Amino acid sequence: MKLLLVEDDAELARQLNTELAGAGYDVAVFRDGLQGREAALQEKWDLAVLDVSLPYLNGFEIVKQMRSEGVDIPVIFLTAKGDVNDRIQGLSDGGDDYLTKPFSMDELKARLLALSRRYGGGSPAELRLPEGWSLDRLLREVTVRGKAVPLQPREWSLLNLFLAHHEEVLTNTFVLDQVWGIQFDPGTNVINATICRLRKKLDDPGHPSHIETIRSRGYRFRSDV
Amino acid sequence: MTISIVGAAMALMWWFTSVALNHSFDEIGRAIIEDDLGEYSVVYEQSGAEGVASLFRAGGHDGHDQILKLISPSGETILNVRLTDQPQVDWPDIPKASSVNDGVTWNRHQLSDGTTLTMGHRILPDNAELWFGRTNAKDLEAVSEIHQLILLAMAITTVLSVGPILWFAGRVLRPVQSLIASAKGLASGDGLENRLQPSASIPELREFSEVFNESLDRVQRLTEELEAANDQLAHELRTPIARIRGNVERILSNSENDSAVQEDAAKAISEIERTTSLIQSILTIRAGYSGAMKVNLESVSLCALVADLFDLYSASAEEKELAFLLSLPDEDVSFKIDSQRVRQALCNLLDNALAYTPRKGKVEIGLTGEADYCTLFVRDNGPGVAQADRDRIWRRFMRGTNASADVPGIGLGLNLVRAIATAHKGEAGYTELSPGSEFWLRLPIESGES
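As a starting point, this report considers the structure included with it. None of the values given here were measured: they were computed from a predicted structure.

**Here we look at the overall build of chain B**
Step number 1: Of the regular secondary structure elements, chain B holds seven helices and twelve strands.
Step number 2: In chain B, which comprises 450 residues, the proportion classed as buried is 40%.
Step number 3: Taking the contacts inside chain B whose residues are at least 6 apart along the sequence as the reference set, 62% of them involve residues at least 24 apart.
Step number 4: Entry remark: accessible area of chain B is about 24,600 Å², with carbon and sulfur atoms responsible for 55%.

Have a look at this one:
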């Protein structure tokens, strides 16, 4: 997947390039607003990651022009401003998501993946279920080793998020945003508590858990344990 | 104060004039008696007792307020007119020898109606005795008339003297008092944008206010510059922190075989997260107070919002074995609010309640709706907030004295709550419960942007 990265900070650009390339993206880096706009309008991209404060032309302006030229790709803003006002403006100017610096690379990758799937036709990603599992979307039920397990709404949403981001590290902030709709850190252990309940309901006793806790990063779902 | 001084002066004046008047009328009364005795003795010499009697009658006083008694040289009473309404009052018994030639012997008698009867006794040239007496009833009438006039004069004087005092208090003291009040407001630290209200009537005060306000302008300008610099600094810090975070994350993921390095990297990341949230709080609070916080209003079911938060914190409450209660009105309340901000405010309150309520205590989150405002509250039965801290805790970087070192925090939470309330044109406050605390957020139905 071709990814356009416009970031004027050299060190951040280098880190992003390394991380995103490591995640399988084909990254091209531009260092100011004018170059970024040129690239965005002239070439064909699958995704764009734009810094907001850029020399010559800011990220919001680039997106506005992209949208008016009919460039319809997922765009994530990176910003040092981080104000909710900016977030609202960024989204209304045509951006799809908004990350405040400093951010976690895992978070950026999870959001990029979520966005590219949304753009890829809106169909849910192909789920890789662990062996012996099946989902009933209508009943919101998961059948594990032949036994139907009823889930509470949040547990159901969280499980679906994990399944959609199979093998990926999901950060606390990403999970809170996607499952609870909260864009700040409320400082509760709600995620941990919900994950504990999911583990109790779904895991095979005596086997390692499907939901892995990764210290300082977040959680990862693995279907084969 | 001034009124009582004026009152005391008036009372003193009243007492002094009364004493002086009584004394003067007493003197005058004696002079009249002495004159009359002289007059009667001349008439007696010319036309005898008959003449005295007819002169006395001609005066028209007989028996009312004047009395007369004439005793012949042989000791026989020729005339004796007593007080008609107090006949029991008799002449005193005075030995003839005690009145010297031309001298008058005096005698006084207190009458039952409050007046005083003054009597003079004189020996006439043919050795007859003449008594003449007079009550001071007429004098008292005159004194009382004078008193009335004095009262009237005092009333007029009071009005004339208190008037200027009141005028002074109104025109001079009131502006000074209002100046003091507004200076106190400034000193207590609420609103650097407030200014002294100069009084138009007193040029000196106006000048003082202007000079004072100018220095306040300067302080405000400096504060704003400092705050702008802080905001700028906060923004500028984000990019270097992002670089650091990127590298530390890299170390964390590349050190899966070295647990010591992992431990260090994990600690570094949690510190970075703390710093980031601190910067975010400072910026949000600043935006809230400066009016720059744009609230993203949408119609929200407050019952659903509160129930969501209840759900969000249930696990934490359970872990602390708290009785966690949800209290909602029977009918749903829908308000236009910025749900992210309001949730953030309530999360801060819940965080505090959970942190400060002892294990197995009680925490309650709830909502009450009125016609034009709603109150979102978080109650607990924890230790409460010390009286001295109730204002402090809302200020930036101030924690209550009950704040424990075990509870992380730098004292921005409640300030953020208040900033969010302000951005919604609402209020945030604290109510003491016995035992425990209630923190509340009151939002008007017309929140946010006007």
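Moving on, there is more to tell.
**Observations concerning the sheet that holds strand β9 (residues 169-170) of chain A**
All names here are of chain A.
Step number 1: Spatially, the three strands line up as an open sheet ordered β9-β11-β10, and their pairing is antiparallel. The outermost strands of the open sheet, each flanked by one partner alone, are β9 and β10 (211-214).
Step number 2: Bridge count for β10 against strand β11 (residues 218-221) is four bridges, and the pairing is antiparallel. What sits directly across from Ile211, in β11, is Phe221.

**Describing a negative patch on the surface**
All names here are of chain B.
Step number 1: A cluster of acidic residues, Glu204, Glu207, Glu210 and Glu214, forms a negative patch at the surface.
Step number 2: Note on placement: Glu204 falls in helix α3 (residues 203-254).
Step number 3: For Glu204, a relative accessible area of 58% translates into the label exposed.

**Concerning the nonpolar core**
Step number 1: By size, the foremost hydrophobic cluster in this structure holds 72 residues, and its most contacted members are A:Leu159, A:Trp180, B:Leu312 and B:Leu441.
Step number 2: Once residues within four sequence positions are removed from consideration, B:Leu441 is found in contact with B:Val342, B:Ala345, B:Cys374, B:Thr375, B:Leu376, B:Val417, B:Ala421, B:Glu427 and B:Ala428.
Step number 3: By size, the runner-up hydrophobic cluster in this structure holds 20 residues, among which are A:Leu4, A:Phe30, A:Val52 and A:Val75.

**Section: the interface of chain A and chain B**
When the parts come together, some accessible area is lost, and that loss is often what is quoted as the size of the interface.
Step number 1: Taken together, the 37 residues of chain A in the interface contact 38 residues of chain B.
Step number 2: Buried surface at the junction of chain A and chain B, both sides included, amounts to about 3,200 Å², of which 50% is carbon and sulfur.
Step number 3: Across the contact surface, chain A and chain B share five salt bridges.
Step number 4: There are 17 residue pairs in polar contact (both at pLDDT 80 or more) connecting chain A and chain B.

**Concerning the environment of B:Asp36**
All names here are of chain B.
Step number 1: Residue placement: Asp36 occurs in helix α1 (residues 2-58).
Step number 2: The class for Asp36 is buried, based on a relative accessible area of 16%.
Step number 3: Considered as a pair, Asp36 and Gly120 are 84 residues apart in the sequence and their alpha carbons are 9.6 Å apart.
Step number 4: Beyond its immediate sequence surroundings of up to four residues, Asp36 is in contact with Gln66 and Phe132.

**So, unusual backbone geometry**
Step number 1: At the junction of A:Lys101 and A:Pro102, the peptide bond is cis and its omega measures out at -5° in the coordinates.
Step number 2: Note that A:Pro102 resides in the loop between β5 (97-100) and α5 (105-119).
Step number 3: Of note, the amide linkage connecting B:Ser434 to B:Pro435 takes the cis form, showing an omega dihedral of 0°.
Step number 4: In this structure, A:Arg140 takes a positive phi of about 55° despite not being glycine.
Step number 5: Along the chain, A:Arg140 falls in the loop between β6 (133-136) and β7 (141-144).
Step number 6: Look at A:Arg140 and you get partly exposed, because its relative accessible area is 41%.

**Some thoughts on the sheet that holds strand β4 (residues 75-79) of chain A**
Residue and element names in this part refer to chain A.
Step number 1: Strand order across the open sheet formed by five strands is β2-β1-β3-β4-β5, with parallel pairing between neighbours. This sheet does not close on itself; its edge strands, each paired only once, are β2 (26-30) and β5. Between one strand axis and the next, the sheet turns through 20° on average, direction left out of account.
Step number 2: The sheet contact formed by strand β1 (residues 2-6) and β2 spans five bridges and is parallel. Paired with Leu5 across the bridge in β2 is Val29.
Step number 3: Docked against the sheet, α5 engages β1, β3 (47-51), β4 and β5, running at close to 155° with respect to β4.

**With respect to the pattern of salt bridges**
Step number 1: What the rule picks out here adds up to 34 salt bridges over all chains.
Step number 2: Among the ionic pairs, B:Asp139 bridges to B:Arg134, the shortest N-O distance being 3.0 Å.
Step number 3: B:Asp139 sits in the buried class, given a relative accessible area of 10%.
Step number 4: One salt bridge in this structure joins B:Arg274 and B:Glu271, with 3.8 Å as the shortest N-O distance. Of this pair, B:Arg274 and B:Glu271 are both found in helix α4 (residues 259-290), three residues apart, which corresponds to roughly one turn of the helix.
Step number 5: Of the residues examined, B:Glu271 reaches a relative accessible area of 45% and is grouped as partly exposed.
Step number 6: Connected via shared salt-bridge partners are A:Asp97, A:Glu107, A:Arg111 and A:Asp177.

**Looking at the environment of A:Trp45**
Residue and element names in this part refer to chain A.
Step number 1: Among the secondary structure elements, Trp45 is positioned in the loop between α2 (33-42) and β3.
Step number 2: Given a relative accessible area of 5%, Trp45 falls into the buried group.
Step number 3: Each C-alpha atom, one on Trp45 and one on Met1, is 7.8 Å from the other, the two residues being 44 residues apart in sequence.
Step number 4: Not counting residues up to four positions away in its chain, the partners in contact with Trp45 are Lys2, Leu3, Leu4, Ala28, Phe30, Ala39, Ala40 and Ile73.
Step number 5: A polar contact is formed between the side chain of Trp45 and the backbone oxygen of Ala39, at a distance of 2.9 Å.

**Things to note about a nonpolar patch on the surface**
Residues and elements named next belong to chain B.
Step number 1: Taken together, Leu12, Trp15, Phe16 and Val19 make up a surface patch of nonpolar side chains, about 490 Å² in accessible area.
Step number 2: Looking at the secondary structure, you find Phe16 in helix α1.
Step number 3: Looking at Phe16, the relative accessible area reads 58%, which means it is exposed.

**Concerning the side chain of B:Thr116**
Step number 1: Examined against the element boundaries, B:Thr116 turns out to sit in strand β4 (residues 116-123).
Step number 2: Look past the residues within four positions of B:Thr116 in its chain and what remains in contact with it is B:Arg108, B:His109, B:Gln110, B:Arg134, B:Thr135 and B:Asn136.

**Considering the packing of aromatic side chains**
Step number 1: Here the structure, examined in full by the defined rule, presents eleven aromatic pairs over all chains.
Step number 2: With a centroid separation of 6.2 Å and 25° between ring planes, the pair formed by A:Phe162 and A:Phe221 is classed as stacked. Highlighted residues: A:Phe162 in helix α6 (residues 153-164) and A:Phe221 in strand β11, separated in sequence by 59 residues. Neither A:Phe162 nor A:Phe221 differs from the other in exposure class; each is buried.
Step number 3: Taking the centre distance of 4.6 Å and the plane angle of 20° together, the rings of B:Phe310 and B:Phe324 count as stacked.

**Describing the environment of B:Phe56**
Residues and elements named next belong to chain B.
Step number 1: Within the fold, Phe56 resides in helix α1.
Step number 2: A relative accessible area of 3% means that Phe56 is categorised as buried.
Step number 3: Placed 25 residues apart in sequence, Phe56 and Val81 show a C-alpha to C-alpha distance of 9.5 Å.

Rules and cut-offs
Residues numbered from 1 in each chain as written. Chains lettered and ligands numbered in written order. Predicted model: local features only at pLDDT ≥ 70, side-chain atom pairs only at ≥ 80, totals over all residues. Heavy atoms only, no water. Helix = DSSP H or I, 4+ residues; strand = E, 2+ residues; numbered from the N terminus. Buried < 20%, exposed > 50% of the residue type's maximum accessible area, 1.4 Å probe, protein only. Contact = heavy atoms within 4.5 Å. Areas by Shrake-Rupley, 256 points an atom, 1.4 Å probe, with all protein chains shown as cover. Pairing = 2+ DSSP bridges. Patch = residues over 30% accessible without salt bridge, like charges linked within 9 Å, V, L, I, M, F, W, Y side chains within 5 Å. Salt bridge = Lys/Arg side-chain N within 4 Å of Asp/Glu carboxyl O. Lys, Arg positive; Asp, Glu negative; His and termini not counted. Charge placed at Lys NZ, Arg CZ, Asp CG, Glu CD. Core = buried A, V, L, I, M, F, W, Y, C linked by side-chain atoms within 4.5 Å. Buried area = accessible area lost by both parts, 1.4 Å probe. Polar contact = N/O pair within 3.5 Å; in protein donor to acceptor, adjacent residues only side chain to side chain. Axes fitted to C-alpha atoms, helices over the stretch in contact; angles between N-to-C directions. Phe/Tyr/Trp six-rings, centres within 6.5 Å; stacked < 30°, edge-to-face > 60°.

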